[in-house]
Amino acid sequence: MAGVTVRERPEDARLGRAGKAVRVLVAVAGIGLLINGSVRASDDAWPFGPMSQYAMSVPDDAKIDYTRISAVTDAGTTVDVPLNIEGAGVARAEIEARTGEIVKNPSLLQQVADGWARKHPDKPKYVKLELIRDTTQLVKGRVEGPPTSQVLATWEVRR
């Protein structure tokens, strides 16, 4: 093309020793954190470990478990506890990761009641909590009947 001049690019900048060292240290630290989270096999380590609820697909013939907490309030109503930071101050993943501990020691559910009361002082208080596992059966990839519920732990809330 006439009249167009091509400018030469300055030489590519080289990464110095300090820059290389920082990058290697960051990579080694990241890999170490991933190994630690994987060995512990806990979602508590996320994002430096497995997020197990997304780690696999569900076979066509399988049982799908869903963990929830049901509460009886001082107003006499039964409600599902909102398992998120805005609700009771605890996420569903935390409850699912600690289900075995809660079954062995139901008093751990007291933290859920305390979190709800602290975040929602104007709402009815929880007086009884139940950790429940709902199981849905899949057959050939389709839901087979209604879910079955099993109460895993019960806790009378301390005031």
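The structure presented is a predicted model; accordingly, all values stated were derived computationally and were not measured.

So, how was this worked out
- Residues numbered from 1 in each chain as written.
- Predicted model: local features only at pLDDT ≥ 70, side-chain atom pairs only at ≥ 80, totals over all residues.
- Heavy atoms only, no water.
- Helix = DSSP H or I, 4+ residues; strand = E, 2+ residues; numbered from the N terminus.
- Buried < 20%, exposed > 50% of the residue type's maximum accessible area, 1.4 Å probe, protein only.
- Contact = heavy atoms within 4.5 Å.
- Core = buried A, V, L, I, M, F, W, Y, C linked by side-chain atoms within 4.5 Å.
- Phe/Tyr/Trp six-rings, centres within 6.5 Å; stacked < 30°, edge-to-face > 60°.
- Polar contact = N/O pair within 3.5 Å; in protein donor to acceptor, adjacent residues only side chain to side chain.
- pLDDT = per-residue confidence, 0-100.
- Patch = residues over 30% accessible without salt bridge, like charges linked within 9 Å, V, L, I, M, F, W, Y side chains within 5 Å.
- Areas by Shrake-Rupley, 256 points an atom, 1.4 Å probe, with all protein chains shown as cover.
- Salt bridge = Lys/Arg side-chain N within 4 Å of Asp/Glu carboxyl O.

**Quick look at the overall build of the chain**
(1) Moving on: Counting its secondary structure elements, the chain contains 4 helices and 5 strands.
(2) Moving on: Going from the N terminus to the C terminus, the chain shows its helices and strands as α-β-β-α-α-α-β-β-β.
(3) Moving on: Counting over 159 residues, the chain shows a buried share of 25%.
(4) Moving on: Summarising the internal contacts of the chain: among those between residues at least 6 apart in sequence, 59% fall at separations of at least 24.

**Remarks on the nonpolar core**
Buried together is how nonpolar side chains tend to be arranged in soluble globular proteins.
(1) Moving on: With 20 residues, the main nonpolar core has Ile69, Val81, Ile95, Val112, Tyr126, Leu129 and Leu131 as its most contacted residues.
(2) Moving on: The contact partners of Val112, leaving out residues within four places of it in the chain, are Ile69, Val81, Ala88, Val90, Ile95 and Leu129.

**Examining the side chain of Thr99**
(1) Moving on: By the secondary structure assignment, Thr99 is in helix α3 (residues 99-104).
(2) Moving on: Here Thr99 is in contact with Thr67, Leu131, Arg133 and Leu152, once residues within four sequence places are set aside.

**Examining the packing of aromatic side chains**
Note on aromatic pairs: each is described by the distance of the centres and the angle between the planes.
(1) Moving on: If you walk through the whole model with that rule in mind, you get 1 aromatic pair.
(2) Moving on: Here the aromatic rings of Trp116 and Tyr126 are separated by 5.1 Å at their centres, their planes lie at 15°, and the arrangement is stacked. Of the two residues, Trp116 is situated in helix α4 (residues 110-119) and Tyr126 in strand β3 (residues 126-139); the sequence distance between them amounts to 10 residues. For the pair shown, Trp116 and Tyr126 are each scored as buried.

**Structural notes on the side chain of His120**
(1) Moving on: Mapped onto the fold, His120 is located in the loop between α4 and β3.
(2) Moving on: A relative accessible area of 17% means that His120 is categorised as buried.
(3) Moving on: At 3.0 Å, the side chain of His120 and the backbone oxygen of Glu86 are in polar contact.
(4) Moving on: Those residues in contact with His120 that sit more than four places away from it in its chain are Glu86, Gly87 and Lys125.

**Let's talk about unusual backbone geometry**
(1) Moving on: At Lys140, a position not held by glycine, the phi torsion is positive, near 55°.
(2) Moving on: Along the chain, Lys140 turns up in the loop between β3 and β4 (142-143).

**Section: the confidence of the model for the chain**
(1) Moving on: Of all residues in the chain, 81% attain a pLDDT of 70 or more, and the chain-wide mean is 85.
(2) Moving on: When the elements of the chain are averaged for pLDDT, helix α1 (residues 17-40) gives the smallest value, 83, and strand β2 (residues 78-80) the largest, 96.

**What to know about a nonpolar patch on the surface**
(1) Moving on: Taken together, the side chains of Ile31, Ile35 and Val39 present a nonpolar region at the surface, about 310 Å² in accessible area.
(2) Moving on: In this structure, Val39 sits in helix α1.

**Some remarks on the environment of Thr136**
(1) Moving on: Here Thr136 shows up in strand β3.
(2) Moving on: Residue contacts for Thr136: discarding those within four places in its chain leaves Ala62, Lys63, Ile64, Val143 and Pro147.

**Re the pattern of salt bridges**
(1) Moving on: Going through the model one piece at a time under the given rule, you end up with 4 salt bridges.
(2) Moving on: Here Asp80 and Arg68 are joined by a salt bridge, their closest N and O atoms 2.9 Å apart. With Asp80 in strand β2 and Arg68 in strand β1 (residues 63-73), this residue pair connects regions lying 12 residues apart in the sequence.
(3) Moving on: A cluster of three or more residues bridged by salt bridges with shared partners is formed by Arg68, Asp80 and Asp134.

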